[in-house]
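Residue-level structural notes
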Amino acid sequence: MSGDDAVIAVRGLRNAFGAQVVHDALDLDVRRGEILGVIGGSGAGKSVLLRSIVGLKNPDAGRVQFFGQDTTHLRADQRREIDRRFGLLFQDGALFSSLTVLENVEVPLLEYFDLPRNLVHDIALLKIALTGLPLDAAAKYPAQLSGGMRKRAGLARALALDPEILFLDEPTSGLDPVGAAAFDELISTLRNALNLTVFLVTHDLDSLYAICDRVAVLSGGRVAAEGPVNVVEHHSDPWIRACFQGPRARGARGPSPLHDSGVSRGNPS
Ligand SMILES: Nc1ncnc2c1ncn2[C@@H]1O[C@H](COP(=O)(O)OP(=O)(O)OP(=O)(O)O)[C@@H](O)[C@H]1O
């Protein structure tokens, strides 16, 4: 049974590609209002988990509940209603290259609502402003933006429908340390301002320490550990030990009396 505060409950999830089993009997809860960091080695199945939860991949077994509703056998109208309640940001923003930023953000609004055109325009501009992009970015095409601006544009589109849950797949990858820290701060600010729940797939230890309430570690096809990062970092799983005891983790944790030589992007010296 999932707790009352679980907006997503994954139970007994199995995913395999041929003989390769990626997930086996995987259970995970995402709690309302939290930022959950999902980490694991390369190929551990983080993206496949995200895709299974949002309905982009049918799991081979198990079930996913959104807001208490099993998503395994939904009618098209029920699926559409669930889809409307979350936003999704892929690594590169996944913007339509032939549309401006404004037009990209308008796409979900036009698809889901029958609103006057000028209102769609104004809502899209508001979402663009929320992500900290300058307003002149609205008229630009994705190719005219920096990587960080593209991510913000993708985030504006993910926020278009006022989602309750935001799924982010490695949002800080490819950003410089200052840009990555600013993006973390943006996510945290938006979570607080918009009462979002955030499912964050990341390799970025700085993000875990800076903004995540809990961390779930994928290893061996399951969630090998979950909890606050300062608890999970002491887990005995070999990958977790290697991850959290390496020099990058020491930097991400910031200075301490025992190890104060690390420099993280959150604590530039
Ligand atoms: N469509 C697919 N067909 C075959 N194998 C796939 C497919 N999608 C994912 N896989 C395999 O599933 C495994 C998990 O992939 P996934 O992308 O979820 O890993 P990840 O944890 O997100 O890795 P990374 O951190 O490198 O992005 C990988 O071995 C990958 O090759």
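The paragraphs below set out a description of the structure included in this document. (Residues numbered from 1 in each chain as written. Predicted model: local features only at pLDDT ≥ 70, side-chain atom pairs only at ≥ 80, totals over all residues. Heavy atoms only, no water.)

**Examining the state of the cysteines**
Defined as follows: Pairs of cysteine sulfur atoms within 2.5 Å are what we label disulfides. Three exposure classes are used, based on accessible area relative to the maximum for each residue type with a 1.4 Å probe and protein chains only: buried under 20%, partly exposed in between, and exposed over 50%.
Tallied over the entire structure, the rule returns zero disulfides. Looking at Cys 212, it has no disulfide partner, and the nearest cysteine sulfur is the one in Cys 243, 12 Å off. With a relative accessible area of 17%, Cys 243 lands in the buried category.

**Examining a nonpolar patch on the surface**
Keep this limit in mind: The patch calculation keeps residues exceeding 30% relative accessible area without a salt bridge and links them within 9 Å when they carry like charges or within 5 Å when they are nonpolar (Val, Leu, Ile, Met, Phe, Trp, Tyr). In short, Shrake-Rupley with a 1.4 Å probe defines the accessible areas, and a residue's cover is counted only from the protein chains shown. Salt bridges are identified by distance alone: a Lys or Arg side-chain nitrogen within 4 Å of an Asp or Glu carboxyl oxygen. Each helix is a run of DSSP H or I of at least 4 residues and each strand a run of E of at least 2, with the numbering of both proceeding from the N terminus.
Together, Leu 126, Leu 130 and Leu 194 give the surface a local cluster of nonpolar side chains, amounting to about 240 Å² of exposed area. Within the secondary structure layout, Leu 194 lies in helix α6 (residues 177–194). Residue class for Leu 194 comes out partly exposed when judged on its relative accessible area of 35%.

**Thoughts on the packing of aromatic side chains**
Quick reminder of the rule: Ring geometry is summarised as follows: Phe, Tyr and Trp rings, the Trp one being its six-membered ring, pair when their centres sit within 6.5 Å, and such pairs are stacked at plane angles under 30 degrees, edge-to-face over 60 and tilted between the two.
Following the criterion strictly, the structure yields six aromatic pairs and no others. Centroid distance Phe 86 to Phe 167: 5.4 Å. Interplanar angle 85°. Geometry classified as edge-to-face. Of this pair, Phe 86 sits in strand β6 (residues 86–89) while Phe 167 sits in strand β7 (residues 165–169), and the two are 81 residues apart along the sequence. When sorted by exposure, Phe 86 lands in the same class as Phe 167, which is buried. Ring pairing ties together the aromatic residues Phe 66, Phe 67, Phe 86, Phe 167 and Phe 199, which thus form one cluster.

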